[in-house]
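What the coordinates show
Listed below are the residues making up each chain.
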Amino acid sequence: MSQEIVSYYEDFKEIEKKIWDLLTKAVKDRSSEFRTPVFICGNDKDLDGRVVVLRKADEQNNFIQYHSDIRSSKIEKIKKNPNCSILFYGKEEKIQLRVKAECQVNYNNDVTKESWEKTGHISRKCYLVSNGPGTESEKPTSGLDNKFDNFDFTKEESEAGYKNFCVIKCKIKSIEWLYLAAKGHRRALIDFSGSKKFTWLVP
Ligand SMILES: Cc1cc2nc3c(=O)[nH]c(=O)nc-3n(C[C@H](O)[C@H](O)[C@H](O)COP(=O)(O)O)c2cc1C
């Protein structure tokens, strides 16, 4: 079956438009393939990736955000080395995005307040675990007290999770785009450091 030629096949402006369209839609659309990228951080001896949920995509200010538990070991890693990579792939769109960014950990400030307010009662459950993510346990566990495990908590009680809640803001430095097409793949780099620069790359 032939693949239609899309507007963003060989047009930088259209590629950039498509990228932000995918990212902003992913924040709202739970079924978007771009909603759960892999976030990679660490140092030259210990690099690690994990899936996160995209919570904000701000084209004007060029950043994306996700939520986390302040006790996660990635927080210390980010503080030591704020450079990260965020990897997206949409099988249906045939698009891979490799984002390089500089992270900022937000804790107990206006950014976290705004995001926490938007976090529903049920989604707050993961911030109610007694010990931080990655803590060893003698038995298999969700980390939650029975009460929270069974969703037997009120919105007021979920407020206790705020002390563990943080928002990782990822200021985008560059985005590498790969589009898979039968007619020929296309790869491009958008560099946001200094004045915006577009470069075609061999896929
Ligand atoms: C679908 C999915 C969504 C997830 N979303 C997040 C998230 O938004 N933030 C987060 O910190 N961890 C999220 N996780 C859990 C992480 O992948 C990881 O297991 C966790 O953060 C602990 O690892 P770390 O402390 O080494 O980062 C998600 C996992 C899955 C499978």
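Residues numbered from 1 in each chain as written. Predicted model: local features only at pLDDT ≥ 70, side-chain atom pairs only at ≥ 80, totals over all residues. Heavy atoms only, no water.

It is worth spelling out the site of the ligand at this point. Taken together, the residues surrounding the ligand are Arg50, Val51, Val52, Val53, Tyr66, His67, Ser68, Ser72, Ser73 and Lys74. Between an oxygen atom of the ligand and a main-chain N or O atom of Val51, the distance comes to 2.8 Å. A distance of 2.7 Å separates an oxygen atom of the ligand from a polar side-chain atom of Ser72. One can see that the ligand is located within the largest pocket. Secondary-structure elements contributing two or more residues to the shell around the ligand are strand S2 (46-51), strand S4 (63-69) and helix H2 (73-80). Among the elements that take part in the shell around the ligand, S4 stands out by supplying 3 residues, more than any other. Of the residues belonging to the shell around the ligand, the class tally is 4 nonpolar, 4 polar and 2 charged. (Near = heavy atom within 4 Å. Polar contact = N/O pair within 3.5 Å; in protein donor to acceptor, adjacent residues only side chain to side chain. 1 Å grid on protein atoms, 1.4 Å probe; cavity = no way out; pocket = protein on both sides within 12 Å on 5 of 7 lines; lining within 4 Å. Sits in = over half its atoms within 2 Å of the grid points. Helix = DSSP H or I, 4+ residues; strand = E, 2+ residues; numbered from the N terminus. Nonpolar A, V, L, I, M, F, W, Y, C, P; charged D, E, K, R; others polar.)

Time to look at the layout of surface pockets. Its boundaries defined by the atoms lining it, the largest pocket holds a volume of some 1,100 Å³. Around the largest pocket, the lining comprises 41 residues; the ones closest to its centre are His67, Ser68, Ser123, Cys126 and Tyr127. Of all the secondary structure elements, the ones that give two or more residues to the lining of the largest pocket are S2, strand S3 (54-58), S4, H2 and helix H3 (110-118). When residues of the lining of the largest pocket are assigned to their parent elements, the largest contribution, 6 residues, is made by S4. Class assignment for the residues of the lining of the largest pocket results in 11 nonpolar, 18 polar and 12 charged. Its boundaries defined by the atoms lining it, the second largest pocket holds a volume of some 200 Å³. Taken together, Lys18, Asp21, Leu22, Lys25, Ala26, Asp29, Ser31, Ser32, Glu33, Phe34, Glu92 and Glu93 make up the full set of residues lining the second largest pocket. Split into classes, the residues belonging to the lining of the second largest pocket amount to 3 nonpolar, 2 polar and 7 charged. (Points joined across faces, edges and corners; volume = space filled by probe spheres on them.)

Within the structure shown, the criterion is met by 14 salt bridges. Put simply, Lys77 and Asp46 hold a salt bridge, and the shortest N to O gap is 3.5 Å. Linking Lys77 in helix H2 with Asp46 in strand S2, this pair joins segments that are 31 residues apart in sequence. Overall, the relative accessible area of 18% leaves Lys77 in the buried class. Notably, a salt bridge pairs Glu159 with Arg124, separated by 2.9 Å at the nearest N-O pair. One end of the pair, Glu159, is in the loop between helix H5 (155-158) and strand S7 (165-179); the other, Arg124, is in the loop between H3 and helix H4 (146-149), and 35 residues separate them in sequence. With a relative accessible area of 36%, Glu159 lands in the partly exposed category. (Salt bridge = Lys/Arg side-chain N within 4 Å of Asp/Glu carboxyl O. Buried < 20%, exposed > 50% of the residue type's maximum accessible area, 1.4 Å probe, protein only.)

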